[in-house]
Amino acid sequence: MKAHIVTLPGDGVGPEVTAAAVAVLKTIAARCEHVFTFDEQLIGGAAIDATGAPLPTESLAACQRADAVLLGAVGGPKWSDPNAPVRPEQGLLALRAALGVYANLRPLQVHPALADLSPLKNDKLKHVDVLFVRELTGGAYFGVKTRSEDAATDECKYTVAEIERVVRRAFDLGRDRRRHVTSVDKANVLETSRLWRSTVQRIAADYPDVTVEHQLVDSMAMLLLTQPNRYDVVVTENLFGDILTDEAAALAGSLGLLPSASLGDGRRGLYEPIHGSAPDIAGQGVANPVGAILSAALLLRHSLGLEVEAVAIESAVEQVLRHGPHSRDIGGHAGTDEVCDAVLAAIESHADSAAAFFCGARACG
Ligand code: NAD
Ligand code: IPM
Ligand code: MN
């Protein structure tokens with residue numbers, strides 16, 4: 001198949017991990033004779049430095065023409081002056097809004113080989129397999145902001161339509177999993193959360209085969225640590241989802257491991273690791289590329305419908321996490337390129353030993 005992919009490496013470790021994800025996509029393309037074209041564009045601090053804008057018109061137009069967008073990370077100390085007129089993060093938020101990618105899928109699994117890195121005892125980590133569905137284009141991130149000398153506000157607003165579409169996506173995804181949806185809110189305090197909860201309750205009636213549970217976000221933050229294997233799909237609003245998924249990453253062993261897919265109503269999606277630009281390790285070639293590489297697998301699955309190729313990447317990563325090499329954040333000494341090369345080699349050997357499986361029902365070529 002042919003696909004056009006826009007890459008937005010961004011700032012800090014963004015370019016380092018994006019290069020690894022692109023190398024993986026190129027290997028998959030060569031192995032299964034897909035034709036992927038890549039177009040690199042500016043976003044974030046790099047875009048501010050080059051053009052003054054965190055999401056230049058040309059970058060956005062390229063993304064809107066693409067089949068899928070692969071992003072590294074944005075931001076960093078250079079652009080973090082609280083009085084700066086523009087910030088890198090504004091580019092990412094504008095992109096998510098413009099692409100209409102309201103559902104941010106953040107899968108969490110704990111690899112047994114890494115369980116010792118988690119702050120939790122090993123027995124709590126068995127069978128952890130959670131899909132967070134974070135609302136991505138509403139809430140406090142996008143409300144009206146005000147600022148005076150001695151006060152500031154961030155409006156948090158949700159419409160029923162905004163809640164309904166992401167909640168339906170969560171229930172639909174739950175049907176292909178263990179059929180349990182946990183909705184997280186703060187309905188004991190926030191009006192937006194009461195609207196969220198009543199909308200979830202109404203939609204749940206359309207999914208009698210899926211069980212639904214409501215948790216308050218403060219309690220959920222605790223439950224994620226005490227009973228992480230109780231959860232299947234967790235759906236929540238933008239800010240709660242941001243915070244809970246960084247917490248979840250600690251269970252996996254490192255923020256560098258978790259991928260994400262941001263989806264709207266069409267097939268075009270935005271794919272990025274959940275971590276940021278990691279300024280403390282940027283430029284050293286030591287960032288963990290796994291979150292970015294697994295985001296490329298999600299791109300193949302959700303935007304291109306290439307399930308077998310997505311699984312090939314995920315199996316290769318699984319093998320590398322099992323046997324090494326490991327990057328520093330997960331206790332090893334390998335650099336980004338060494339981990340990436342190991343994933344590429346695992347894909348190649350998988351392809352050689354199981355060509356029929358690797359190319360699936362499709363004829364290669
Ligand atoms: P961060 O995610 O960049 O880093 C937090 C910690 O995790 C750091 O110690 C870092 O070294 C480590 N880490 C992150 N990714 C890693 C990887 N791939 N391999 C190994 N270690 C990794 O969060 P932060 O320091 O709070 O934020 C830095 C900047 O990134 C800020 O400007 C923030 O706005 C931005 N940010 C961007 C995104 C995004 O682009 N999607 C996401 C989060 C934060
Ligand atoms: C993330 C990041 C972003 C967010 C920032 C950089 C705007 O933390 O993708 O998780 O809060 O959504
Ligand atoms: Mn975040």
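The model shown is predicted, which means the values in this text are computed figures rather than measured ones.

Visitor: Just checking my understanding: could you explain the site of ligand 1 for this structure?
Guide: Near ligand 1 you find 20 residues, and of these V74, E89, G276, A278 and D280 are the closest. Contact distances for ligand 1 include 2.9 Å between a nitrogen atom and a side-chain N or O atom of E272. About the coverage of ligand 1: the protein hides 69% of its 810 Å² of free accessible area. Of the residues in the shell around ligand 1, the class split is 9 nonpolar, 7 polar and 4 charged.

Visitor: Mind showing me how you'd approach empty space enclosed by the protein here?
Guide: Empty pockets left among the atoms are what a rolling probe the size of a water molecule brings to light. Inspection of every chain in the model, using the stated rule, returns 1 cavity of 30 Å³ or more. Space inside the largest cavity adds up to approximately 40 Å³. What lines the largest cavity is simply Y158, V184, D185, T192, S193, W196, E237 and F240. Contributing elements (two or more residues each) for the lining of the largest cavity: β8 (180–185) and α6 (191–204). Counting residues per element, the lining of the largest cavity draws most heavily on α6, which supplies 3 residues.

Visitor: Honestly, helix α8 (residues 238–252) in this entry has me stumped. Any pointers?
Guide: The end-to-end C-alpha distance of α8 is 21 Å, a good match for the 21 Å that 15 residues give at a rise of 1.5 Å each. Restricting attention to buried positions, one finds in α8 the residues N238, F240, G241, L244, T245, E247, A248, A249, L251 and A252. Residues of α8 that are buried sit in contact with β4 (103–109), β5 (129–135), β8, α6, α7 (217–226) and β10 (233–236). Sitting at the head of α8, E237 places a side-chain oxygen 2.6 Å from the backbone nitrogen of L239. Of the residues flanking the end of α8, it is G253, one or two places downstream, whose phi is positive at about 120 degrees.

About the thresholds
- Residues numbered from 1 in each chain as written.
- Chains lettered and ligands numbered in written order.
- Predicted model: local features only at pLDDT ≥ 70, side-chain atom pairs only at ≥ 80, totals over all residues.
- Heavy atoms only, no water.
- Near = heavy atom within 4 Å.
- Polar contact = N/O pair within 3.5 Å; in protein donor to acceptor, adjacent residues only side chain to side chain.
- Areas by Shrake-Rupley, 256 points an atom, 1.4 Å probe, with all protein chains shown as cover.
- Nonpolar A, V, L, I, M, F, W, Y, C, P; charged D, E, K, R; others polar.
- 1 Å grid on protein atoms, 1.4 Å probe; cavity = no way out; pocket = protein on both sides within 12 Å on 5 of 7 lines; lining within 4 Å.
- Points joined across faces, edges and corners; volume = space filled by probe spheres on them.
- Helix = DSSP H or I, 4+ residues; strand = E, 2+ residues; numbered from the N terminus.
- Expected span 1.5 Å × (residues − 1).
- Buried < 20%, exposed > 50% of the residue type's maximum accessible area, 1.4 Å probe, protein only.
- Contact = heavy atoms within 4.5 Å.

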